[in-house]
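Reading the structure
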Amino acid sequence: MTIASQQREENACFRHFIDAGDHYIGTIKAGQTIRIVDVEGNEAADTLFFNANDPSERYSAVDTVREQGKVYLSTGSELRSNLNNVMLTITADTCGRHDTLGGACASESNTVRYDLEKRHMHSCRDNWMLAIANHPEYGITKRDIAHNINFFMNVPVTANGELYFDDGISGPGKYVEMIAEMDVVVLISNCPQLNNPCSGFNPTPLEVLVWD
C-alpha cells in the first residue's frame, strides 16, 4: 500500500547519498526513522539489518514472511529478526512493493545465472564484505550475512512458484520509510548488477535520510 510520509527533508538529522554500485553501513537508534530513496528510479537497494547490540540477531525473511503472511513488503510490514522480534516497521512507502525472495547477487550466482566470464563482476555480496571489513566496530562477520530485503526490486512469483527478475516498478524519487523498533545497524548495497533488470542495466544512486 502506498502512503506518503509526513517527514520533511529539511528536518532530517542525517543525509547520505550512496553512489551507483557503492554501499553504506550505519546505526539507526530505536525511535528514529530511516528513509531509503530510489533517486533516479529502477534501482535496487539490497539491505540487511542487525541488532546493534548483538549482530547475531538479524533480519529474517522467513520470520517476516511467516508472520505477515505475504512475500512482499510495503506500508505496515514489520521486519522481524531470527528471534522473531520486530526490528523495524514500514511507515511510508511510495513504491508499493518490495522483494523478500530474490536474494543478492554474488560472484557465484553471476556465474551460474549468466556466464563464467561474469564471475569477476562486482556484486552486492562484495559490497557487504567490503563494508564489514572496513568497519569492524559493528561486530558483523561473514557468518552474520544472511538473506536480505531488495527494496524497489521487482521479483514476481509465477503461478507455479517460480521467480524471475522483471523491470522495476519504482520511479525517480520513490522511497520507503521505516521506524526502528530497536537499535539497528543497516547495511545497504546499491546493487551494481548489470545482467538483469533489477538496476535497469544501469546502476544509479540511492539516498538515505534519518530523522530523530
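Please refer to the structure higher up on the page.
The text that follows walks through the structure, step by step, so that each part is easy to find. From a predicted model like this one, the values you see are computed outputs, not experimental measurements.

Scoring rules and cut-offs
- Residues numbered from 1 in each chain as written.
- Predicted model: local features only at pLDDT ≥ 70, side-chain atom pairs only at ≥ 80, totals over all residues.
- Heavy atoms only, no water.
- Helix = DSSP H or I, 4+ residues; strand = E, 2+ residues; numbered from the N terminus.
- Buried < 20%, exposed > 50% of the residue type's maximum accessible area, 1.4 Å probe, protein only.
- Contact = heavy atoms within 4.5 Å.
- Pairing = 2+ DSSP bridges.
- Phe/Tyr/Trp six-rings, centres within 6.5 Å; stacked < 30°, edge-to-face > 60°.
- Lys NZ or Arg CZ within 6 Å of the ring centre and 35° of its normal.
- Salt bridge = Lys/Arg side-chain N within 4 Å of Asp/Glu carboxyl O.
- 1 Å grid on protein atoms, 1.4 Å probe; cavity = no way out; pocket = protein on both sides within 12 Å on 5 of 7 lines; lining within 4 Å.
- Points joined across faces, edges and corners; volume = space filled by probe spheres on them.
- Nonpolar A, V, L, I, M, F, W, Y, C, P; charged D, E, K, R; others polar.

Position of G26 relative to the elements: it lies in strand β2 (residues 23–28). Accessibility expressed as a relative area gives 4% for G26, which makes it buried. Once residues within four sequence positions are removed from consideration, G26 is found in contact with Y138, V184, V185 and V186.

Okay, the pairing of strand β5 (residues 54–58) next. Across two bridges, the pairing between strand β4 (residues 45–51) and β5 is antiparallel. Counterpart to N51 in the pairing with β5 is D54. Linking β4 to β5, which pair antiparallel, is a turn of two residues.

A few words on the packing of aromatic side chains. Aromatic rings considered in pairs are described by the distance between their centres and by the relative angle of their planes. This model, assessed by the stated rule, comprises one aromatic pair. On the basis of an interplanar angle of 35° and a centroid distance of 5.9 Å, the ring pair of F14 and Y24 is categorised as tilted. Taken together, the residues F14 in strand β1 (residues 14–18) and Y24 in strand β2 connect sequence positions ten residues apart. Accessibility expressed as a relative area gives 11% for Y24, which makes it buried. A cation over a ring is seen here: R35 above Y175, with NZ or CZ 4.2 Å from the ring centre. The side chain of R97 reaches across the aromatic face of Y72, ending 4.4 Å from its centre.

Here the structure, examined in full by the defined rule, presents nine salt bridges. Between R15 and E9 there is a salt bridge whose closest N-O contact spans 2.9 Å. Between R58 and D144 there is a salt bridge, and its shortest N-O distance comes to 3.8 Å. Note that R58 is positioned in strand β5 and D144 in the loop between α3 (124–134) and β10 (149–151), a separation of 86 residues in sequence. Bridged by salt links that share partners, the residues E9, R15, R35, E177 and E207 form one connected network.

A positive phi angle is found at N84, which is not glycine, with a value near 65°. By the secondary structure assignment, N84 is in the loop between β7 (78–80) and β8 (86–93). On the accessibility criterion, N84 (27% relative accessible area) is partly exposed. Backbone geometry at F152 places phi at a positive 75°, although glycine is not the residue there. In this fold, F152 is placed in the loop between β10 and β11 (174–180). On the basis of relative accessibility, which here comes to 1%, the residue F152 falls in the buried class.

So, about the layout of surface pockets. Looking at the largest pocket, its volume works out to about 150 Å³. Lining the largest pocket are 15 residues, with Q68, K70, S74, T75 and S77 sitting closest to its centre. Of all the secondary structure elements, the ones that give two or more residues to the lining of the largest pocket are α1 (61–68), β6 (72–73) and β7. In terms of residue count, the dominant contributor to the lining of the largest pocket is α1 (three residues). Across the lining of the largest pocket, the residue classes tally to three nonpolar, seven polar and five charged.

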